[in-house]
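A look at the structure
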Amino acid sequence: MSATTAIKVRFPPSPTGKMHLGNARTALFNWLFARHAGGQFLLRIEDTDKERSTPENITFIHDALKWLGLGYDNEPFLQSTRQSLHVEAATRLVEQELAYKDTEGVTRFKVPAGATTWADLVQGEITIENKQVEDFALLRSDGSPTYHLGVVMDDIFQGITHVIRGDDHINNTPKQIMLYAALGEPVPAFGHLPLILGPDGEKLSKRHGAVSIQDLRAEGYLPQAIFNFMLRLGWGHGDQELFTVEEATAAFDISNVSKGPARFDAAKLKWYNQHYLKTLPFGQILPHLVPFLPDGAQTHKADLERLEALWPDLTARAQTLPEIVTAATAFITDPTRAYTAEHTAILLEGHDALHHLYDALSSLPEWQEEALKAAIHHQVEHMGGNFKAVGRPLRVALTAATGGPDLARIMAVLGQSEVLRRLKVSLHHIHENGGHHH
Ligand code: GLU
């Protein structure tokens with residue numbers, strides 16, 4: 001592609017809150033469009049809503065893009081820094097009689113007769129009769145530029161060749177195309193992405209739960225999962241569901257974006273998350289896991305090693321990072337301090353079994369899963385084949401929980417001295433609570 005036609009797309013969010021999933025998907029599609037074509041992905045911050053454009057909201061944009069791996073190719077700027085240039089342009093249009101100041105002091109664009117047509121990259125050809133478009137505002141009565149003026153001026157300034165955005169902007173496009181023409185500038189290509197709907201068919205919003213990148217991150221989703229999930233919101237490549245970043249970049253073609261709305265499917269997001277929890281190297285997940293770990297465990301080498309050893313077991317059930325931490329609590333905190341009244345009752349009932357197990361396990365020559373399974377099995381037979389009479393108290397003694405990964409596996413990961421220590425604590429606890437060995 002020659003330098004004069006090099007593709008430039010942009011992401012111009014208004015920093016009015018957290019980064020909505022729909023906005024992040026728009027950023028992703030622009031990013032992929034640029035990366036696929038060897039073009040540029042440019043960021044600018046449309047901070048013209050003075051009340052809601054806070055530094056915190058601007059931070060949300062930068063953090064979300066960075067976290068998702070959507071790097072941009074420019075030094076981003078705030079739209080407000082170019083306001084005086086926007087005002088000058090409006091003044092010129094008034095001088096050329098292409099715009100006028102109305103009786104209330106609002107500067108309006110004079111919509112010409114005719115029709116406006118564009119070949120939408122997603123929706124196909126769209127034609128709008130100009131008589132359906134009102135003389136829209138360029139400057140408010142306080143003299144400040146409107147969105148239409150700012151967005152067109154800045155897209156011209158940045159040399160944008162393709163405007164890819166949500167289809168809630170379709171009605172803005174004829175206005176902006178007319179404005180390009182009036183300013184004597186070439187009109188970029190436009191593509192409008194389908195809306196994302198919630199499970200109930202309504203536009204995806206906070207009512208549907210976590211729908212910002214910040215909230216999804218706090219709920220324990222990995223960026224790889226959200227990236228892949230967003231990619232499939234309105235775009236497809238055959239029936240492929242899983243894409244690496246490289247595969248997505250190679251395959252991305254805007255003509256494969258569907259015209260109809262996409263639907264947010266929470267179960268699918270969880271499926272993606274579990275897939276990446278299972279398949280990414282532990283070291284790559286660890287930085288995302290750390291904020292969810294209990295205090296102390298983040299830096300405790302033995303805890304992290306146990307987590308890694310148990311990772312396949314934990315991710316077989318858990319779909320989010322906090323779910324993993326809950327399932328792994330027994331390995332990353334000392335559970336013997338957390339026996340509840342229910343646990344105590346189970347321990348008291350299992351007193352004999354625990355005593356015998358303690359003896360058998362202290363003299364076990366080989367500390368590996370098969371031998372540990374055999375030791376449990378032996379005790380079960382001794383108790384007349386009642387697995388529950390052994391498994392329940394043992395699990396409570398070791399993990400202060402009534403469910404979790406396989407017991408032999410847990411013991412193998414904990415190691416002999418830690419298992420014996422925990423059993424000893426549980427036996428002590430039984431004595432303190434009036435239990436007697438028969
Ligand atoms: N700041 C606008 C928004 O966030 C940009 C819309 C556009 O892409 O033109 O909706």
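The structure this text deals with has already been given above.
In short, a report on the structure. Since the structure is predicted, the reported quantities are computational estimates derived from the model, not experimental observations.

Some remarks on the overall build of the protein chain
Within the protein chain one finds 18 helices and 12 strands. Against the globule reference of 22 Å for 438 residues, the protein chain gives a C-alpha radius of gyration of 31 Å, more extended than a compact globule. For the protein chain, the spread of C-alpha atoms along the three principal axes comes to 100 × 45 × 35 Å. Evaluated residue by residue, the protein chain yields a buried proportion of 50% over its 438 residues.

Examining the pattern of salt bridges
Under the counting rule described, the total for this entry stands at 19 salt bridges. Residue Arg-108 pairs with Asp-102 through a salt bridge whose shortest N-O separation is 2.8 Å. In this structure, Arg-409 and Asp-313 form a salt bridge, with 2.7 Å as the shortest nitrogen-oxygen distance. Here Arg-409, found in helix α17 (residues 407–414), pairs with Asp-313, found in helix α11 (residues 301–317); they are 96 residues apart in sequence, far enough to count as distant. One connected set of salt bridges, linked through shared partners, spans Arg-10, Arg-44, Glu-46, Arg-82, Asp-154 and Asp-155.

Observations regarding helix α3 (residues 83–95)
Taking 1.5 Å per residue, 13 residues should reach 18 Å; α3 reaches 19 Å between its end C-alpha atoms and fits that length. Regarding α3, the residues found buried are His-86, Ala-89, Ala-90 and Leu-93. With its buried residues spanning 100° around the axis, α3 presents them on a single face. Buried positions along α3 lie against β4 (99–101), β8 (137–139), α4 (147–157) and α5 (173–182). After α3 finishes, the residue Glu-97 shows a positive phi value of roughly 60°.

Observations regarding the layout of surface pockets
Here the largest pocket defines a volume of roughly 950 Å³. Among the secondary structure elements, those contributing two or more residues to the lining of the largest pocket are β1 (8–11), α1 (21–37), α2 (55–68), α4 and β9 (162–166). Element by element, the count of residues in the lining of the largest pocket is highest for α1, at four residues. Of the residues in the lining of the largest pocket, the class split is 15 nonpolar, 13 polar and 11 charged.

Notes on the site of the ligand
Around the ligand lies a shell formed by Arg-10, Pro-12, Pro-13, Ser-14, Glu-46, Tyr-147, Val-151, Arg-165 and His-169. The side chain of His-169 places a nitrogen or oxygen atom 3.2 Å from an oxygen atom of the ligand. Protein coverage of the free-state accessible area of the ligand, which is 300 Å², stands at 84%. Counting atoms within 2 Å of the grid points, the majority share of the ligand lands in the largest pocket. Per-class residue counts for the shell around the ligand are four nonpolar, two polar and three charged.

A closer look at the side chain of Asn-57
Here Asn-57 shows up in helix α2. Reaching out from Asn-57, the side chain makes a polar contact with the backbone oxygen of Pro-15 at a distance of 3.2 Å. Within the structure, Asn-57 has its side chain in polar contact with the backbone oxygen of Arg-52 (distance 2.9 Å). In this view, Asn-57 contacts Pro-15, Thr-16, Gly-17, Lys-18 and Arg-52; residues no more than four positions away in its chain are not counted.

Quick look at the environment of Thr-16
With respect to the element layout, Thr-16 can be found in the loop between β1 and α1. Judged by relative accessible area, Thr-16 falls into the partly exposed class, the value being 30%. Spatially, the C-alpha atoms of Thr-16 and Ile-61 are 10.0 Å apart, while their sequence positions differ by 45 residues. Once you skip the residues sitting within four places of it in the chain, Thr-16 turns out to touch Asp-49, Arg-52 and Asn-57.

Looking at the nonpolar core
If you look at the biggest cluster of nonpolar residues, it comprises 105 residues, and the most contacted ones within it are Leu-21, Ile-213, Ile-226 and Leu-361. Looking at which element gives the most residues to this core, the answer is α1, with nine residues. In contact with Ile-213, not counting residues within four places along its chain, are Met-19, Leu-21, Ala-24, Ala-64, Trp-67, Leu-68, Ile-226 and Met-230. Formed by 27 residues, the second largest nonpolar core is a distinct cluster that contains Leu-42, Ala-89, Ala-90 and Leu-138.

Calculation criteria
- Residues numbered from 1 in each chain as written.
- Predicted model: local features only at pLDDT ≥ 70, side-chain atom pairs only at ≥ 80, totals over all residues.
- Heavy atoms only, no water.
- Helix = DSSP H or I, 4+ residues; strand = E, 2+ residues; numbered from the N terminus.
- Rg over C-alpha atoms; globule rule 2.2 N^0.38 Å.
- Buried < 20%, exposed > 50% of the residue type's maximum accessible area, 1.4 Å probe, protein only.
- Salt bridge = Lys/Arg side-chain N within 4 Å of Asp/Glu carboxyl O.
- Expected span 1.5 Å × (residues − 1).
- Arc of directions from axis to C-beta.
- Contact = heavy atoms within 4.5 Å.
- 1 Å grid on protein atoms, 1.4 Å probe; cavity = no way out; pocket = protein on both sides within 12 Å on 5 of 7 lines; lining within 4 Å.
- Points joined across faces, edges and corners; volume = space filled by probe spheres on them.
- Nonpolar A, V, L, I, M, F, W, Y, C, P; charged D, E, K, R; others polar.
- Near = heavy atom within 4 Å.
- Polar contact = N/O pair within 3.5 Å; in protein donor to acceptor, adjacent residues only side chain to side chain.
- Areas by Shrake-Rupley, 256 points an atom, 1.4 Å probe, with all protein chains shown as cover.
- Sits in = over half its atoms within 2 Å of the grid points.
- Core = buried A, V, L, I, M, F, W, Y, C linked by side-chain atoms within 4.5 Å.

Treat this as a map of the structure, not an account of what it does.
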